[in-house]
Amino acid sequence: MDKKAKMTLDKDFKISKVDERIYGSFIEHLGRAVYDGIYEPGHKEADEMGFRKDVLELVKELKVPIVRYPGGNYVSGYNWEDGIGPKESRPKRLELAWNSLETNQIGINEFAEWAKKANTDIIMAVNLGTRGIDAARNIVEYCNIKEGSYWSDLRKSHGYKDPHNIKLWNLGNEMDGPWQIGHKTAEEYGRIACEAAKVMKVVDPTIELVACGSSNSSMPTFGQWEATVLEHTYDYIDYISLHTYYGNEENDIGNFLAKSLDMDAFIKAVISTADYVKAKKRSKKTINISFDEWNVWYHSRENDKKVEPWTVAPPLLEDIYTFEDALLVGCMLITILKHADRVKIACLAQLVNVIAPIMTEKGGKAWRQTIYYPYLHTSIYGRGHVLNSIINSPIYNSKDFSDVPVLESTAVVNEDNDELTIFAANRDQEDSLLLECAIKGFDNYKIVDHIVLENNDIKATNTKENPFNVVPHSANDGVIEDGLVKFLLPKLSWNVIRLSREN
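Below is a short write-up of the structure.

About the cut-offs
Residues numbered from 1 in each chain as written. Predicted model: local features only at pLDDT ≥ 70, side-chain atom pairs only at ≥ 80, totals over all residues. Heavy atoms only, no water. Phe/Tyr/Trp six-rings, centres within 6.5 Å; stacked < 30°, edge-to-face > 60°. Buried < 20%, exposed > 50% of the residue type's maximum accessible area, 1.4 Å probe, protein only. Helix = DSSP H or I, 4+ residues; strand = E, 2+ residues; numbered from the N terminus. Pairing = 2+ DSSP bridges. Axes fitted to C-alpha atoms, helices over the stretch in contact; angles between N-to-C directions. Contact = heavy atoms within 4.5 Å. Expected span 1.5 Å × (residues − 1). Core = buried A, V, L, I, M, F, W, Y, C linked by side-chain atoms within 4.5 Å. Parallel < 35°, antiparallel > 145°, perpendicular 65-115°, else oblique. Left-handed = near helix turned anticlockwise from the far one by under 90°. Nonpolar A, V, L, I, M, F, W, Y, C, P; charged D, E, K, R; others polar. Disulfide = S-S within 2.5 Å. Patch = residues over 30% accessible without salt bridge, like charges linked within 9 Å, V, L, I, M, F, W, Y side chains within 5 Å. Areas by Shrake-Rupley, 256 points an atom, 1.4 Å probe, with all protein chains shown as cover. Salt bridge = Lys/Arg side-chain N within 4 Å of Asp/Glu carboxyl O.

1. A word on the packing of aromatic side chains
Next, step 1: Taken as a whole and assessed by the stated rule, the structure comprises 16 aromatic pairs.
Next, step 2: A centroid spacing of 6.1 Å and a plane angle of 75 degrees characterise the contact between Tyr35 and Tyr39, whose relative ring orientation is edge-to-face. Just as Tyr35 is buried, Tyr39 falls in that class too.
Next, step 3: Centre to centre, the rings of Phe423 and Trp494 are 6.1 Å apart; their planes meet at 20 degrees, and the pair counts as stacked. Of this pair, Phe423 sits in strand β20 (residues 419-426) while Trp494 sits in strand β26 (residues 493-501), and the two are 71 residues apart along the sequence.

Next comes the structure, spelled out in structure tokens:
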């Protein structure tokens, strides 16, 4: 017998308008993300700049609004000046974060060109590991000042008359992590981030800044790190970052799919800490969240140990995602949407080849991984206002979590085109779930589609040999009766239920 869950939506009960930047992503100079990923001169799909057009089409299909660049751990040892000027004179560097050889054939200007082709904006990260305040102010000047100064005129001499006008900047990366080049204590990082933020906003007062929060919620400094960093930077920054990755090393799917509850708790804890500092400072300003690294990451760790060091674009972090990974990614996207009032930026890490929804073969094809689909669906249909969903769901307990709802769900109303979209994941491993959703204020709405991502094999993957093994399909099984939308959610499934108002 199918289980049942109930959900209530009211058009007037809204959490927040969705900031489209929550559908952002990330390109780091790591593995094959840049070289042999977005950039492969000589490939039959390469354009005049060497960017792969097939990859660009897959990125554009996702409608990615913003991409973080150039790191990640990479940025903490990066000299941004290495990637500007004539390509033939750019130095090759030992890249210490990932033990690779960096050719610097792609730098700020080339990436800005790629971003235009991909219809996306840039979050630029500055190096606060081996560098600091001076390099931070100079890169803002190079990128954002029109002309008349040393760095802006240098950019013009490189063939870029107009500034790039990058409006969002990361103040370093994961500086709480002992693995980070130039790792700092919270006091050390708070001080340099504050001073870098000051000068960057003097150069361009229109930019927004993201300070480094904890690399994950299990860091021993978590909580105190945020409080200390915000004590120093509160007046000069706009966002605090969160990073998290989850894996299923124990092959426990019930526990794995519950890990979005940890993400939810992480977000709530950082909001509480930020608001504590706000109260302590008697500030009227609210610091919001940039969840600028999140994903599933664990499949490639053993292979990464075998990679030859100091090679160009080695195959690193190339997770081949399973169907169950797509389900957790869907649950994590729902979690981010539920916090749309405070999470204003989020970046699925990363975009191509490196723990990515898009994979490429050198000299060959590009294809969509399983996690591509929940990302695609939320990015396309999750624009508008998130509704405050009241849910009554069956629950279960797992190794690390209690009272895990079988139904993970939220809804977004787009009043510009009179559409309501319900995103729903069924965590149940045995049974379908009958979803009965009461919709108030949605008179004359009809069902447009019920998109389902399901598979009998939770370990099913998409590969270059079989790129369409795990793909969504439409199910014509929904009805509206007496103000109730009724759908059957298959066991272990990702669902997108679309309604629109009849003319």
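2. Some remarks on unusual backbone geometry
Next, step 1: Of note, the bond from Tyr69 into Pro70 is cis; its omega dihedral lies within 30 degrees of zero at 0 degrees.
Next, step 2: Mapped onto the elements, Pro70 comes out in the loop between β4 (66-69) and β5 (93-95).
Next, step 3: With omega at -5 degrees, the peptide bond leading from Ala349 into Gln350 counts as cis.
Next, step 4: With respect to the helices, strands and loops of the structure, Gln350 is situated in the loop between β12 (343-349) and β13 (358-360).
Next, step 5: One non-glycine residue, Leu317, lies in positive phi territory at about 55 degrees.

3. As for the sheet that holds strand β7 (residues 121-126)
Next, step 1: Read around the closed barrel, eight strands run β3-β4-β7-β8-β9-β10-β11-β12, paired in parallel fashion. Averaged over neighbouring strand pairs, the angle between their axes works out to 30 degrees when direction is ignored.
Next, step 2: Bridge count between strand β11 (residues 288-296) and β12: four bridges; the pairing is parallel. Bridging from a neighbouring strand, Ile289 pairs with Val343 of β12.
Next, step 3: Against the sheet, helix α5 (residues 186-203) makes contact with β7, β8 (168-171) and β9 (208-211), and its axis sits at roughly 155 degrees relative to β8, the strand it touches most.

4. Here's the deal with helix α6 (residues 224-233)
Next, step 1: With respect to burial, α6 is a largely interior element, seven of its ten residues being buried.
Next, step 2: Buried within α6 we find Trp225, Glu226, Ala227, Thr228, Val229, Leu230 and Thr233.

5. Focus on the side chain of Glu95
Next, step 1: Assignment of secondary structure puts Glu95 in strand β5.
Next, step 2: Look past the residues within four positions of Glu95 in its chain and what remains in contact with it is His29, Tyr74, Ser100, Glu102 and Trp310.

6. Examining helix α10 (residues 323-338)
Next, step 1: The terminal C-alpha atoms of α10 lie 23 Å apart, and with 16 residues this matches the ideal 22 Å at 1.5 Å per residue to within 8%.
Next, step 2: With 15 of 16 residues buried, α10 is to be regarded as a mostly interior element.

7. Focus: the sheet that holds strand β2 (residues 14-17)
Next, step 1: The strand order across the open sheet formed by seven strands is β2-β15-β19-β20-β26-β22-β23, and the pairing between neighbours is antiparallel. Where the open sheet ends on each side, the last strands, each with one partner, are β2 and β23 (473-474).
Next, step 2: Here β20 pairs with β26 via eight bridges, running antiparallel. Note on β26: the bridge partner recorded for Glu419 is Ser500.
Next, step 3: Packed on one face of the sheet, α10 meets β2, β15 (385-387), β19 (407-414), β20, β22 (445-453) and β26 and runs near 55 degrees to β19.

8. Some words on the nonpolar core
Next, step 1: Within the largest apolar cluster, 158 residues are counted, with the highest numbers of intra-cluster contacts made by Trp114, Trp169, Leu171 and Tyr189.
Next, step 2: If one sorts the elements of this core by residue count, α10 sits on top with eleven residues.
Next, step 3: Once residues lying within four places of it in the same chain are set aside, the contact partners of Leu171 are Val126, Leu128, Tyr189, Ala193, Ala196, Ala197, Met200, Leu209, Val210, Ala211, Cys212 and Ile237.

9. Notes on the packing of α5 against α6
Next, step 1: It is at 8 Å that the axes of α5 and α6 come closest, and there the two elements cross at 30 degrees. Considered as vectors, α5 and α6 are oriented roughly parallel to each other. The handedness of the crossing between α5 and α6 comes out as right-handed. Only Trp225, Thr228, Val229, His232 and Thr233 of α6 make contact with α5, whose side of the interface consists of Ala186, Glu187, Tyr189, Gly190, Arg191, Ala193 and Cys194.
Next, step 2: Taken together, the residues of the contact of α5 with α6 break down into six nonpolar, four polar and two charged.

10. Here we look at the state of the cysteines
Next, step 1: Scanning all chains against the criterion turns up zero disulfides.
Next, step 2: Distance from the sulfur of Cys331, which forms no disulfide, to the nearest cysteine sulfur (Cys437) is 17 Å.
Next, step 3: Judged by relative accessible area, Cys331 falls into the buried class, the value being 1%.
Next, step 4: Sulfur of Cys347: no disulfide; nearest cysteine sulfur belongs to Cys212 and is 13 Å away.

11. Topic: a nonpolar patch on the surface
Next, step 1: The grouping of Leu94, Leu96 and Trp310 at the surface amounts to a nonpolar patch, some 320 Å² of accessible area in total.
Next, step 2: In this fold, Leu94 is placed in strand β5.
Next, step 3: Owing to a relative accessible area of 54%, Leu94 belongs among the exposed residues under this scheme.

The quantities given are spatial measurements derived from coordinates; they are silent on function.
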